[in-house]
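Per-entry structural report
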Amino acid sequence: MSLYLIDYENVREKGFEGVEKLTGRDEVIIFYSEFIKNLPFQIHVELMNSKAKYEYFATHKVGKNYLDFQLATFLGYRIAPVSYTHLTLPTT
């Protein structure tokens with residue numbers, strides 16, 4: 001499984017090149033804001049024909065690099081371990 005995070009504000013349609021190569025095990029999460037919230041119809045068609053799972057993440061607050069921070073935070077959330085039960089905490 002591969003996870004792709006797309007900052008649509010920065011990459012626009014170019015960020016979807018190659019979606020036809022994705023498999024049903026791949027996941028794509030598209031981050032967008034009020035500045036750019038429209039996808040061309042052809043991109044929708046390509047996404048619908050792709051086997052990957054797609055999710056959209058709207059950022060409602062806007063500001064310089066705000067979407068980048070949302071994307072980075074989400075990435076940390078997704079790659080963080082589920083459980084820390086294997087760690088031994090130091091005793092005081």
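Report follows, based on the coordinates. (Residues numbered from 1 in each chain as written. Predicted model: local features only at pLDDT ≥ 70, side-chain atom pairs only at ≥ 80, totals over all residues. Heavy atoms only, no water.)

**Digging into helix α3 (residues 66–79)**
When the terminal C-alpha atoms of α3 are compared, their 20 Å separation across 14 residues agrees well with the 20 Å that a helix rising 1.5 Å per residue should span. Of the residues making up α3, those classed as buried are Leu67, Leu71 and Phe74. Looking straight down α3, one finds that the buried residues subtend no more than 65° of arc, so they occupy a single side. Exposed residues pointing more than 90 degrees away from the buried face of α3 are listed as Phe69, Thr73 and Ile79. Those residues of α3 that are buried lie in contact with β1 (3–7), α1 (8–11), β2 (27–33) and β3 (53–59). (Helix = DSSP H or I, 4+ residues; strand = E, 2+ residues; numbered from the N terminus. Expected span 1.5 Å × (residues − 1). Buried < 20%, exposed > 50% of the residue type's maximum accessible area, 1.4 Å probe, protein only. Arc of directions from axis to C-beta. Contact = heavy atoms within 4.5 Å.)

**With respect to the pattern of salt bridges**
For the structure on display, the rule yields 2 salt bridges. For Glu27, the salt bridge identified is with Arg78, shortest N-O distance 3.0 Å. In this pair, Glu27 sits in strand β2 while Arg78 sits in helix α3, placing the two residues 51 residues apart along the sequence. Assessed through its relative accessible area of 8%, Glu27 is described here as buried. (Salt bridge = Lys/Arg side-chain N within 4 Å of Asp/Glu carboxyl O.)

**With respect to the side chain of Ser50**
Its place among the elements puts Ser50 in the loop between α2 (41–49) and β3. Since its relative accessible area comes to 10%, Ser50 is described here as buried.

**Some thoughts on the packing of aromatic side chains**
Inspection of the entire model under this criterion finds 5 aromatic pairs. Considering the side-chain rings of Phe74 and Tyr77, the 6.1 Å spacing of their centres and the 45° angle between planes classify their relative orientation as tilted. With a gap of 3 residues between them, Phe74 and Tyr77 both fall in helix α3, about one helical turn apart. A residue is classified by how much of its surface remains accessible, and Phe74, at 14% relative accessible area, is buried. An aromatic cluster is present here, built from Phe31, Phe57, Phe74 and Tyr77 joined pairwise through their rings. (Phe/Tyr/Trp six-rings, centres within 6.5 Å; stacked < 30°, edge-to-face > 60°.)

**Examining the environment of Leu47**
When you line up the elements, Leu47 lands in helix α2. Note on Leu47: relative accessible area 6%, which makes it buried. Those residues within four positions of Leu47 in sequence are excluded, and the remaining contacts are Phe16, Val19, Ile30, Leu39, Tyr54 and Tyr56.

**Considering the pairing of β3**
Across 7 bridges, the pairing between β2 and β3 is parallel. In the strand pairing of β3, Glu27 is matched with Lys53. The β-α-β motif built from β2, the intervening α2 and the parallel element β3 has right-handed crossover chirality. (Pairing = 2+ DSSP bridges. Right-handed = clockwise from strand over helix to strand, strands pointing away.)

**Focus on the nonpolar core**
One finds Phe16, Val28, Ile30, Leu47 and Tyr54 to be the most contacted residues of the largest nonpolar core, which totals 13 residues. Residue assignment for this core shows that the elements contributing at least two residues are β2 and α2. If we ignore the near neighbours within four places in the chain, the residues touching Phe16 are Ile6, Tyr8, Ile30, Leu39, Ile43 and Leu47. Judged by nonpolar contacts, the second largest core, of 5 residues, contains Ile29, Phe31, Leu71 and Phe74. (Core = buried A, V, L, I, M, F, W, Y, C linked by side-chain atoms within 4.5 Å.)

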